[in-house]
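Listed below are the residues making up each chain.
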Amino acid sequence: MTLVATFVSAHGQALLDDGLLARLRAAAPTGARTERLDGEIAADLFAEADDGRKLEATLRDALGDIPVDIIVQPAATRRKRLFLADMDSTIIGQECIDELAAYVGLKEKVSDITERAMRGELEFEPALRERVGLLKGIALGVVDEIIAKSITLTPGGSALVRTMRANGGYTALVSGGFTVFTSPISRTIGFDEHRSNILLSEGNLLSGVVAEPILGKQAKLDALVELRARFALPDEATLAVGDGANDLAMLGEAGLGVAYRAKPAVAAAADARLDHADLTALLYAQGYRGDEIVRN
């Protein structure tokens, strides 16, 4: 079987010089070849091998401590038609519920619950209800201010979504967060749709209650299965990315499930992980070249 290992340099760096590519070829099975995707930023290595995990481990050893990410997959099915993404700490750099909590001086308390839930130490649904309960009385109007002042988009996210859409793909933002955030953020980035939880309110103040049923791990998995069926796609044509325990089922069901700056348990379970590169790595992994990426 022909496997492709895609190497992507850490965000803002160009590390894949000729010497490093030669070292990686030498470590790979006999006959491996390399091909540049975007100068010294990204490159592919094609090799005949049966065990992708073994090939990845070998190439990671050859890389040493150079901050380059590796995604290994079958070459024949690398191009994807459906993309699902988590939002908090994946498409954006923050956890929105923690930013809301900061307005009532409870960020530390809420962040601790968030962290434990993302590590899988707490069940997502009751942990979300507990955190939302602490937000009672916050004015809905602060959301716009939080988005403007506190939320940062993960580099490469918009390029990833817009490039896939330009090439016939369908993209969905599927979050355990809230529609008041996913709606404007998905619109800014360019997703086809967004799904998330609804914060209930009394007048213009949060009531401290989230609408049921809560969108968590199972709902993310169900979204992937539903959209895959809607477009009559094979399993291998799907791609998902996330960082927390509530993303694991979705990542496991996707043809390529990628952990982004993820908790150790999530990174270990996913098909691939991004520790250094930005989200354009998921385009390079599909074989897109630098000049094919839609950057506006």
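Residues numbered from 1 in each chain as written. Predicted model: local features only at pLDDT ≥ 70, side-chain atom pairs only at ≥ 80, totals over all residues. Heavy atoms only, no water.

Asker: How should the packing of aromatic side chains be read in this particular structure?
Answerer: Centre-to-centre distance and the angle between the planes together describe a pair of aromatic rings. For the structure shown, the criterion picks out two aromatic pairs. With a centroid separation of 6.3 Å and 20° between ring planes, the pair formed by phenylalanine 83 and phenylalanine 191 is classed as stacked. With a gap of 108 residues between them, phenylalanine 83 in strand 5 (residues 82-85) and phenylalanine 191 in the loop between helix 8 (179-189) and strand 7 (193-197) connect regions that are remote in the sequence. Both residues of the pair, phenylalanine 83 and phenylalanine 191, count as buried. Arginine 33 extends its terminal NZ or CZ atom over the ring of phenylalanine 46, reaching a point 4.3 Å from the ring centre. (Phe/Tyr/Trp six-rings, centres within 6.5 Å; stacked < 30°, edge-to-face > 60°. Helix = DSSP H or I, 4+ residues; strand = E, 2+ residues; numbered from the N terminus. Buried < 20%, exposed > 50% of the residue type's maximum accessible area, 1.4 Å probe, protein only. Lys NZ or Arg CZ within 6 Å of the ring centre and 35° of its normal.)

Asker: I would appreciate a short explanation of unusual backbone geometry in the present structure.
Answerer: Working note: non-glycine residues mostly have negative phi, and peptide bonds are mostly trans. Cis geometry marks the peptide bond from glutamate 212 to proline 213; its omega dihedral reads -5°. Here proline 213 shows up in the loop between strand 9 (205-210) and helix 9 (217-230). Positive phi, normally seen in glycine, also occurs at alanine 232, with a value near 50°. Looking at where alanine 232 falls in the secondary structure, it is placed in the loop between helix 9 and strand 10 (238-242). A positive phi is found at arginine 261, a non-glycine position, where the angle reads about 45°. Along the chain, arginine 261 falls in the loop between strand 11 (256-260) and helix 11 (264-269). Note on arginine 261: relative accessible area 34%, which makes it partly exposed.

Asker: Is there a simple way to think about the environment of valine 68 in this case?
Answerer: Note on placement: valine 68 falls in strand 4 (residues 68-74). Every residue in contact with valine 68, bar those within four places of it in the chain, is listed here: Phe7, Val8, Ser9, Leu15, Leu16, Leu63 and His276. (Contact = heavy atoms within 4.5 Å.)

Asker: What am I meant to see in the sheet that holds strand 5 here?
Answerer: The six strands lie next to each other as 7-6-5-10-11-12, forming an open sheet whose pairing is parallel. The open sheet terminates on both sides in strands that have one partner only, identified here as strand 7 and strand 12 (272-274). If you compare each strand with its neighbour and ignore which way they point, the axes differ by 20° on average. Relative to strand 11, strand 10 runs parallel, the two being bridged by four bridges. Its bridge partner lying in strand 11, leucine 239 is registered against leucine 256. (Pairing = 2+ DSSP bridges. Axes fitted to C-alpha atoms, helices over the stretch in contact; angles between N-to-C directions.)

Asker: What is the right way to read the nonpolar core from this model?
Answerer: Nonpolar side chains tend to gather and get buried jointly when the protein is soluble and globular. Core analysis: the biggest nonpolar cluster contains 53 residues, and Phe83, Ile91, Leu100, Phe181, Ile185 and Leu282 have the highest contact counts within it. In this structure, phenylalanine 83 is in contact with Leu160, Val161, Met164, Tyr170, Thr171, Ala172, Phe191, Leu239, Val241 and Leu282, ignoring residues within four places of it in sequence. Grouped together as the second largest cluster of nonpolar side chains are 20 residues, Ala5, Leu16, Leu55 and Ala62 included. (Core = buried A, V, L, I, M, F, W, Y, C linked by side-chain atoms within 4.5 Å.)

Asker: Which parts of the structure should I look at to understand the side chain of arginine 195?
Answerer: For arginine 195, the location among the structural elements is in strand 7. Looking at arginine 195, its side chain comes within polar contact range of the side chain of glutamate 193, at 2.6 Å. (Polar contact = N/O pair within 3.5 Å; in protein donor to acceptor, adjacent residues only side chain to side chain.)

Asker: So what exactly am I meant to see when it comes to the pattern of salt bridges here?
Answerer: Once the charged atoms of two side chains with opposite charge are near each other, the side chains can pair. For the structure shown, the criterion picks out 23 salt bridges. Here lysine 107 makes a salt bridge to glutamate 99, at a shortest N to O gap of 3.0 Å. You can call lysine 107 partly exposed: its relative accessible area is 35%. Where lysine 220 meets aspartate 247, a salt bridge forms, and the shortest distance between an N and an O atom there is 2.5 Å. Taken as a pair, lysine 220 in helix 9 and aspartate 247 in the loop between strand 10 and helix 10 (248-253) lie far apart in primary sequence, 27 residues in all. By the burial criterion, lysine 220 is buried, and aspartate 247 matches it. Through salt bridges with shared partners, a single ionic network connects Glu115, Arg116, Arg119 and Glu121. (Salt bridge = Lys/Arg side-chain N within 4 Å of Asp/Glu carboxyl O.)

Asker: Can you help me understand the pairing of strand 1 (residues 2-9) in this one?
Answerer: The two faces of the sheet receive side chains in turn, since in a regular strand these alternate between them. Judged by how many residues are buried, strand 1 sits mostly within the fold: seven of eight residues are covered. Judged from the seven bridges that link them, strand 1 and strand 3 (residues 42-48) form a sheet pairing that is antiparallel. Paired with leucine 3 across the bridge in strand 3 is alanine 47. Pairing of strand 1 with strand 4 involves seven bridges; the strand directions are antiparallel.

Asker: How should I be thinking about the sheet that holds strand 2 (residues 33-38) in this particular structure?
Answerer: Across a sheet, paired strands are connected by hydrogen bonds in the backbone, their directions being either parallel or antiparallel. Sheet architecture is open: four strands sit in the order 2-3-1-4, paired in antiparallel fashion. Both edges of this open sheet fall to strand 2 and strand 4, since each of them pairs with a single strand only. Sheet twist, expressed as the average angle between the axes of neighbouring strands with direction ignored, equals 20°. Strand contacts of helix 1 (residues 18-27): strand 1, strand 2 and strand 3, with the helix running at about 140° to strand 2, the strand carrying the most contacts. Across the sheet, helix 2 (residues 52-63) touches strand 1, strand 3 and strand 4, and the angle it forms with strand 4 is around 160°.

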